[in-house]
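Single-letter residue listing:
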Amino acid sequence: MTDSRFADRATIERTPAHATALDCLAAGIDAALPASVVDDAVAVEGDRLSIAAVDGTTTSVDLGAYDRVVFLGAGKAADGLASALAKRLGERVDGGAVVTTDPADAAGEPFAVLPGDHPRPTARGAESATRVREVAEAAGEQDLVLVALTGGGSAVLTAPAEGISVAGVRGLTDELLASGAAIEEMNAVRKHCSAVKGGRLARIAAPATVVTLAVSDVVGDDVGVIASGPTAPDPSTYDDALAACDRYDINVPVAVRDRLRAGAAGERPETPTADDPAFDRARTFVVGNGRTALDAAADAAADRGYDPLVLAAGVRGEAREAAVHDRLSIPAG
């Protein structure tokens, strides 16, 4: 049996098929939990930290080469991801700051766990983001910064760009959420209204070595989209952000519109792209994603005598419409 439990399982589980479906769901949830992801992807042997990404990419970090190891993080499960990673590293962790939606169980962690809110940014999230920035700014060339990112990171890590208030970011977020824009389009706007998103956090932490572990909640696992890519290069531009606002007729706050227009006119610096020096010593690894859960669910079905078929890991759009499309796409036989 898996560890996940359903409060109403006795009501739902009316047949053996229902039981199997619940077991598959539980297996998928368990596999995507931060502790499970770290168990599968991260190993520490002596001073050697090894990370295996879901795409097969691996890296090895010599922990002995650094004076300090500090943590940063943002997302609804970032505290769990950072906590599991810290357990691997033990006494090597020298503090840090991680922002999440529920920091209640933070006692004993070797880093500060700070409050943020999702999906609407708040003042307390902005205050917590200030602490994240301070930790990043204090990192030196001989420091290793480990960053834990999960879904929800874009909202909880609220750091408005100069001239934009928290209320302005909240109003912008409300408009974006209601617009129907794709996550990539939403994040193009949010990146250009933030002091940390779109690679700016990596720029703040430079010249420290920055290694990001991300659990992806976006189709395609684009590291520039996960949590709005605070430590990843950003190919989007102010022009892209303005185009998204116009495409969906988004009623953005005046300060936001003024900033985007000034950036498009070349009056403000762009977010850092892949050739920026900020990324000379920064890398991101996706250590868990939707496929992680799907494969675990499929394995649970196979264990129960089924021949599972994972139809797709890249379904997007309105659930009712996507379900009809995928049902029609299932191969016969």
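Residues numbered from 1 in each chain as written. Predicted model: local features only at pLDDT ≥ 70, side-chain atom pairs only at ≥ 80, totals over all residues. Heavy atoms only, no water.

(A) Looking closely at the overall build of the protein chain. Within the protein chain, the regular secondary structure consists of 13 helices and 9 strands. In terms of overall size, the protein chain behaves like a compact globule, its C-alpha atoms giving a radius of gyration of 21 Å where 333 residues would be expected to give roughly 20 Å. Seen through its principal axes, the protein chain has C-alpha atoms that stretch 60 × 55 × 35 Å. A fraction of 71% describes how many contacts in the protein chain between residues 6 or more apart in sequence connect residues 24 or more apart. (Helix = DSSP H or I, 4+ residues; strand = E, 2+ residues; numbered from the N terminus. Rg over C-alpha atoms; globule rule 2.2 N^0.38 Å. Contact = heavy atoms within 4.5 Å.)

(B) Expanded view of the layout of surface pockets. Taken as a whole, the largest pocket spans an internal volume of roughly 510 Å³. The wall of the largest pocket is formed by 27 residues, among which Ile183, Met186, Arg190, Asp217 and Val218 lie closest to the centre. Take the lining of the largest pocket: its biggest share by element is 5 residues, from helix α8 (residues 183-191). Here the residues of the lining of the largest pocket sort into 12 nonpolar, 10 polar and 5 charged. Ser216, Asp217, Val218, Val219, Gly220, Asp221, Asn289, Gly290, Arg291, Ala313 and Gly314 are the residues that line the second largest pocket. Tallied by class, the residues present in the lining of the second largest pocket amount to 3 nonpolar, 5 polar and 3 charged. (1 Å grid on protein atoms, 1.4 Å probe; cavity = no way out; pocket = protein on both sides within 12 Å on 5 of 7 lines; lining within 4 Å. Points joined across faces, edges and corners; volume = space filled by probe spheres on them. Nonpolar A, V, L, I, M, F, W, Y, C, P; charged D, E, K, R; others polar.)

(C) Layout of unusual backbone geometry. Here His118 and Pro119 are connected by a cis peptide whose omega angle stands at 5°. Backbone torsion omega between Ala206 and Pro207 reads 15°, so that peptide bond is classified as cis. For Pro207, the position within the fold is in the loop between α9 (200-205) and β8 (209-215). For Asp249, which is not glycine, the phi torsion reads 50° and is therefore positive. In this fold, Asp249 is placed in the loop between α10 (238-247) and α11 (254-264).

(D) Up close: the packing of helix α2 (residues 16-32) against helix α12 (residues 290-303). In the contact formed by α2 and α12, the axes pass within 7 Å of each other and the chain directions differ by 140°. Taken together, the axes of α2 and α12 lie oblique to each other. Relative to α12, the crossing made by α2 is right-handed. In this structure, α2 contributes Asp23, Cys24, Ala27, Gly28, Ala31 and Ala32 to the contact, and α12 contributes Thr292, Ala293, Ala296, Ala297, Ala300 and Ala301. A class-by-class count of the residues in the contact of α2 with α12 yields 9 nonpolar, 2 polar and 1 charged. (Axes fitted to C-alpha atoms, helices over the stretch in contact; angles between N-to-C directions. Parallel < 35°, antiparallel > 145°, perpendicular 65-115°, else oblique. Left-handed = near helix turned anticlockwise from the far one by under 90°.)

(E) Summary view of α11. Residues Val256, Arg257, Arg259, Leu260, Ala262 and Gly263 constitute the buried set of α11. As for α11, its buried residues are in contact with α7 (166-179), α9 and α10. Gly266 lies just past α11 and shows a positive phi near 85°. (Buried < 20%, exposed > 50% of the residue type's maximum accessible area, 1.4 Å probe, protein only.)

(F) Focus on the sheet that holds strand β7 (residues 143-149). The strand order β6-β5-β4-β7-β8-β9 describes an open sheet built from 6 strands, whose pairing is parallel. Each of the sheet's edge strands pairs with one partner strand only, and the pair in question is β6 (112-115) and β9 (282-288). Ignoring which end each strand starts from, the neighbouring axes of this sheet average 15° apart. Relative to strand β5 (residues 93-100), helix α4 (residues 78-89) is tilted by about 165°, and along the sheet it contacts β4 (68-74), β5, β6, β7 and β8. (Pairing = 2+ DSSP bridges.)

(G) Examining the pairing of β4 more closely. Buried residues dominate β4, accounting for 6 of its 7 residues. Two strands pair when backbone bridges link them, and β4 and β7 are joined in this way by 7 bridges, in the parallel orientation. Bridging across to β7, Arg68 finds its partner in Asp143. Across 5 bridges, β4 lies against β5 in parallel orientation. The partner of Ala74 across the bridge, within β5, is Val99. Crossover handedness for the path β4 to α4 to β5: right-handed. (Right-handed = clockwise from strand over helix to strand, strands pointing away.)

(H) Broad picture of the pattern of salt bridges. Considering all chains together, one arrives at 15 salt bridges under this definition. The partner of Glu13 in a salt bridge is Arg9, and the shortest N-O contact between them spans 2.5 Å. Owing to a relative accessible area of 34%, Glu13 belongs among the partly exposed residues under this scheme. By relative accessible area, which is 15% here, Arg9 ends up buried. Here Arg203 ties to Asp276 by a salt bridge, and the two come within 2.7 Å at their closest N and O atoms. Placement of Arg203 in helix α9 and of Asp276 in the loop between α11 and β9 is noted, with a sequence separation of 73 residues between them. The exposure class assigned to Asp276 is buried, which follows from its relative accessible area of 16%. Here the salt bridges share partners, and the residues they tie into one network are Arg9, Glu13, Asp23 and Arg304. (Salt bridge = Lys/Arg side-chain N within 4 Å of Asp/Glu carboxyl O.)

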